[in-house]
2 protein chains.
Amino acid sequence: MTLQHFGQSLALLTDLYQLTMGYGYWKQGMARQSAVFHLTFRKPPFGGQYAVACGAESAVEYLSRLQFDPSDVDYLASLTGADGKPLFEPGYLEELARLEFTCDVDVIPDGTPVFPHEPLIRVSGPLLQAQLVETPLLNLVNFQTLVATKAARVCRAAGSGSVLEFGLRRAQGIDGGLSASRAAFVGGCAATSNVLAGKLFGIPVRGTHAHSWVMAFDDELEAFRAYAEAMPNNSLFLVDTYDTLEGVRKAAAIGQELRANGHRLLGIRLDSGDLGDLSRGARRILDEAGFPDATIVASNDLDEHSIDRLLSEQAAITVWGVGTKLATCYDQPALGGVYKLAAIRVDESSPWRPAIKLSEQPIKTSNPTPQQVRRVFRDGLIVGDIIHTHGAPPVDGTCVLANGAHHFLEGDDAVDLLQPAMRAGRVVSPPEPLTATRDRCRRLLQQLPAEVLSLHDPAPLPVGLAPSLHELKQRLIQQSESDKTQQDLP
Amino acid sequence: MTLQHFGQSLALLTDLYQLTMGYGYWKQGMARQSAVFHLTFRKPPFGGQYAVACGAESAVEYLSRLQFDPSDVDYLASLTGADGKPLFEPGYLEELARLEFTCDVDVIPDGTPVFPHEPLIRVSGPLLQAQLVETPLLNLVNFQTLVATKAARVCRAAGSGSVLEFGLRRAQGIDGGLSASRAAFVGGCAATSNVLAGKLFGIPVRGTHAHSWVMAFDDELEAFRAYAEAMPNNSLFLVDTYDTLEGVRKAAAIGQELRANGHRLLGIRLDSGDLGDLSRGARRILDEAGFPDATIVASNDLDEHSIDRLLSEQAAITVWGVGTKLATCYDQPALGGVYKLAAIRVDESSPWRPAIKLSEQPIKTSNPTPQQVRRVFRDGLIVGDIIHTHGAPPVDGTCVLANGAHHFLEGDDAVDLLQPAMRAGRVVSPPEPLTATRDRCRRLLQQLPAEVLSLHDPAPLPVGLAPSLHELKQRLIQQSESDKTQQDLP
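All values derive from a computational prediction rather than experimental measurement.

Caption draft 1: Layout of unusual backbone geometry. Of note, Thr369(A) is a non-glycine position whose phi angle comes to about 75 degrees, a positive value. Not every positive phi belongs to a glycine, and Ala424(B) is a case in point at roughly 50 degrees. Following the sequence through the fold, Ala424(B) ends up in the loop between strand E19 (419–423) and strand E20 (426–427).

Laid out in structure tokens, this is it:
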């Protein structure tokens, strides 16, 4: 993953308030109380009904390297408060300098389709540690999940065509680009233009030439011929620097020269104009010139919706270069992931006190207790998920949906989604090859009902709380509301 | 900057097609021809009329470190084409392994307000080198310019209030977050929550506590009291975990306790609900409790439009925590920056051949020849910019606007915006302190006419081509069109 490529401690990659809260817990003697946090999201992105979990592997890598180095501690010692005095006492800084991450971490593996309110990551351990890591975990998981989901949507729209990720130039910074390339591959992209992502993650790399190649020559034909000389077996020409269909004719002319010399024209790329019309025109020219196998690649601000529309208009395109709208998740560039306290206890021998964050919007009220997700299958298809208290598995397929309705999931198989990733701070499941992550994603997406994946009016998968968890949550909400009316100020 | 914190060669942080084109140039013996490229954008982001240039300092740092290490070359040697044979000849890989960046680079300094079609960066030097760096320069400049611009807009909306950047958790990866924090500070933010950005860039860091702090205690009052004990002089309470105005009353109660012990309540933070109503209610409670100086901080999906609206409704908020919508540039997460060839020559002694990229959309037709931008001032205010051929300064204030109209900029002072950053690959202007960059941005924004900066129906600043450049461009367009009609296929 990318983290090892930062030659820098990333312990301070967090919001200041995590460190001030940590300080408060330390001052209160609460730093070593046990806490359980979940990372969840509330609404699937892009108007869809699912997300593809991604970023857990990075998160575990981050946690496994978490350590404050002397320069981190020196920096924290230099911070002052509103009164100009040091923000933190030396004792706390010593605690941080000594800190070793000792939490248990469970994750839903990267590439798994997931649904609102499901814990993608569960962190349980000392309150101070579990709190500090909120921001980096959200940073890593929010963005990668968003890109993997977008890639899955784009690849589904492309059907049997393949999708190349071309987003580096518009990506949000260096590792915005690197982690987008990785997550896009997990979500189903066939390759990336990002050579460093190819080197670091083993993703296939693809690309040909730009308009500037054509502009560097006196005319387009000469430019294509020069490119064919350099890459006789890898000639795919960008044809729209001047007039697109003229460009296709020139590409076909060079294709004849290549063929005469025992080589082969790979294809052409369209990057502007009406891609539907131009692709059909290009296909005719290429077919008539004897190149029925030449590929037509299209790019230019594509996303799942434009690809879907172009294919419904019989565009003759089989390879899609998708850049900006994939790498930045243009139509929704942030997933609203949150990291909420679900339970706390004074020490290992005490009972968990379930915690809940209330909100006037019921969708924003968090679920209490340490949780697990049971995924129910029937005939190899996913029929729904049940979020339940960890250690209290559902007795049958009954769950309570977000609208309060009881729903029965009739299955013949079930799996628990959260898998152990760290125990007492040690990694217990090694990173898997990226192709395995990508295969998981493809396999599980195929097991989802088509209506859940649809671009048009998708239907939600039934996902609910186990009845016992639902009852506990309702009890906590009522209790908190009655506290509010009874409680008076001192 | 962040690049030094990557413990990894970033030479491969580019699109594959840059390397295949480089290969083509090398095979054609063109790799050492001289070329000039400009990095420009076509349309200001966010429906505004300006952008704040940012990313040039990172770009120069990137270029000054550009070198292919042995692992980069080994990786490139492993790439194969459609025929299964190596994509690149060993001679080219040796050329890359030996490559030292020797271009001249001129940049518009970070923090400068800029306008469509102005070259933010000009790279001139050997074609192979100047081509290879297209992708990383776009990656660095597109995103940082976008964030600095968004920050400038948000800070202008906040008026005399201050803006804190809170975006790390929703930012697009690790250095998506780091570079967003830096660019947001350049654009005018007062501080960030991102502690690592504080450490690396010297940006002030701010933050208090989260809902999870309150949830970790049996009740809210106890939670506030515990926080006040830890941070008696830095107590700013998040009051909306349960009932917001009740939370404000509890914060005021703890404020009394703090005062009794010789300390002081800093303020409160609102993070949900109707921020206008709640801030006025909170202000009344705080004033009545004797805390007229307590600050009211607001957060929750803010941007320049919501801040503008809240202030027009007399919201009692003076500090704005802006996260997602700033760090991801939510309403437009990509700037359409491009990097286009403007001129090429066979060797230093030949004349420049101006290059142009045509498009059916005139706005997408690039400007030819190496360029410079003259900014014209009158009475200390910016009246407009003239894009002209480098070395052929405008003879007077006449320029040709995008609509073809001639416009006269009457000024009493003028400066050239592009400044030398590298000569023959060596950095000639050292990085400046980030506060100097931020001061430049603030000063120059104050020199722009208010109607250019306005959120509502902003007016464009007059920016045009020098007449001689305009005429050359028209001539090249006509020439290319007549070539197209005359030229037939062989």
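Caption draft 2: The arrangement of the pattern of salt bridges in detail. Counted by the stated rule, this structure contains 53 salt bridges over all chains. For Arg169(A), the salt bridge identified is with Glu134(B), shortest N-O distance 3.1 Å. Pair noted here: Arg169(A) is in the loop between strand E6 (162–165) and helix H7 (174–186) and Glu134(B) is in helix H6 (residues 134–158), and the two residues belong to different chains. Summarising the burial analysis for this pair, Arg169(A) and Glu134(B) share the class buried. The salt bridge involving Glu95(B) is made with Arg98(B); its shortest N-O contact spans 3.5 Å. Within this pair, Glu95(B) and its partner Arg98(B) are both found in helix H4 (residues 90–98), separated by three residues, close to a single helical turn. Beyond isolated ion pairs, a larger network of salt bridges with shared partners links Lys150(A), Arg153(A), Glu304(A) and Asp331(A).

Caption draft 3: Representation of the sheet that holds strand E3 (residues 104–107) of chain B within the structure. All names here are of chain B. Spatially, seven strands are ordered E13-E12-E1-E5-E3-E19-E20 in an open sheet, and the strand pairing comes out antiparallel. Each edge of the open sheet is held by one strand with a lone partner, namely strand E13 (353–354) and E20. Sheet strands touched by helix H2 (residues 56–64): E3, strand E5 (121–126), E19 and E20. Its angle to E19, the strand with the most contacts, is close to 15 degrees.

Caption draft 4: Looking closely at the nonpolar core. Grouped together as the largest cluster of nonpolar side chains are 307 residues, with contacts concentrated most on Leu76(A), Phe88(A), Leu76(B), Phe88(B) and Ile121(B). Residues lining this core come from more than one domain, with at least three contributed by each of domain 1 (2–147 + 333–485) and domain 2 (148–327) of chain B. With residues up to four places along the chain from it excluded, the contact list for Leu76(B) reads Val195(A), Leu12(B), Leu19(B), Phe68(B), Phe88(B), Leu93(B) and Leu96(B).

Caption draft 5: Spotlight on the interface of chain B and chain A. Listed as interface residues are 118 residues of chain B and, on the opposing side, 119 residues of chain A. Summing the contributions of chain B and of chain A, the shared interface buries around 9,900 Å²; its carbon and sulfur component is 60%. Its largest share of buried area at the contact with chain A, chain B owes to Arg169(B), Gln172(B) and Ile174(B), together 9% of the area lost on that side. Between chain B and chain A we count 10 salt bridges in total. Seen at the junction of chain B and chain A, the total is 59 residue pairs in polar contact (both at pLDDT 80 or more). Take the side of chain B that touches chain A: its biggest share by element is 10 residues, from helix H1 (residues 16–27) of chain B. In terms of residue class, the side of chain B that touches chain A is built from 57 nonpolar, 38 polar and 23 charged.

Caption draft 6: Structural detail: the packing of H7(A) against helix H7 (residues 174–186) of chain B. The geometry of H7(A) relative to H7(B) is characterised by a closest axis approach of 6 Å and an angle of 155 degrees between their N-to-C directions. Between H7(A) and H7(B), the angle is such that the two are roughly antiparallel. Both H7(A) and H7(B) take part in a crossing whose hand is left-handed. Contacts between H7(A) and H7(B) pair Ile174(A), Asp175(A) and Gly176(A) from the former with Ile174(B), Asp175(B) and Gly176(B) from the latter.

Caption draft 7: Looking closely at the packing of aromatic side chains. Enumeration over the complete set of coordinates arrives at 22 aromatic pairs over all chains. Ring centres of Trp26(A) and Tyr92(A) lie 5.9 Å apart, and the angle between their planes is 45 degrees; this geometry places the pair in the tilted category. Residue Trp26(A) is located in helix H1 (residues 16–27), and its partner Tyr92(A) is located in helix H4 (residues 90–98); the two are separated by 66 residues in the primary sequence. When its relative accessible area of 23% is taken as the criterion, Trp26(A) is described as partly exposed. With relative accessibility at 0%, the residue Tyr92(A) sits in the buried group. Ring centres of Tyr23(B) and Trp26(B) lie 6.1 Å apart, and the angle between their planes is 15 degrees; this geometry places the pair in the stacked category. Linking Tyr23(B) with Trp26(B), this pair stays in helix H1, spanning three residues, or about one helical turn. Joined through ring pairs, the aromatic side chains of Tyr25(A), Trp213(B), Phe217(B), Phe224(B), Tyr227(B) and Phe237(B) make up one cluster. Stacked on the ring of Phe46(A), the Lys or Arg Lys150(A) has its end atom at 4.2 Å from the ring centre. Positioned over the ring face of Tyr330(B) is Lys325(B), at 5.8 Å from the centre of the ring.

Reading guide: rules and limits
Residues numbered from 1 in each chain as written. Chains lettered and ligands numbered in written order. Predicted model: local features only at pLDDT ≥ 70, side-chain atom pairs only at ≥ 80, totals over all residues. Heavy atoms only, no water. Helix = DSSP H or I, 4+ residues; strand = E, 2+ residues; numbered from the N terminus. Salt bridge = Lys/Arg side-chain N within 4 Å of Asp/Glu carboxyl O. Buried < 20%, exposed > 50% of the residue type's maximum accessible area, 1.4 Å probe, protein only. Pairing = 2+ DSSP bridges. Contact = heavy atoms within 4.5 Å. Axes fitted to C-alpha atoms, helices over the stretch in contact; angles between N-to-C directions. Core = buried A, V, L, I, M, F, W, Y, C linked by side-chain atoms within 4.5 Å. Domains from an automatic or database assignment. Buried area = accessible area lost by both parts, 1.4 Å probe. Polar contact = N/O pair within 3.5 Å; in protein donor to acceptor, adjacent residues only side chain to side chain. Nonpolar A, V, L, I, M, F, W, Y, C, P; charged D, E, K, R; others polar. Parallel < 35°, antiparallel > 145°, perpendicular 65-115°, else oblique. Left-handed = near helix turned anticlockwise from the far one by under 90°. Phe/Tyr/Trp six-rings, centres within 6.5 Å; stacked < 30°, edge-to-face > 60°. Lys NZ or Arg CZ within 6 Å of the ring centre and 35° of its normal.

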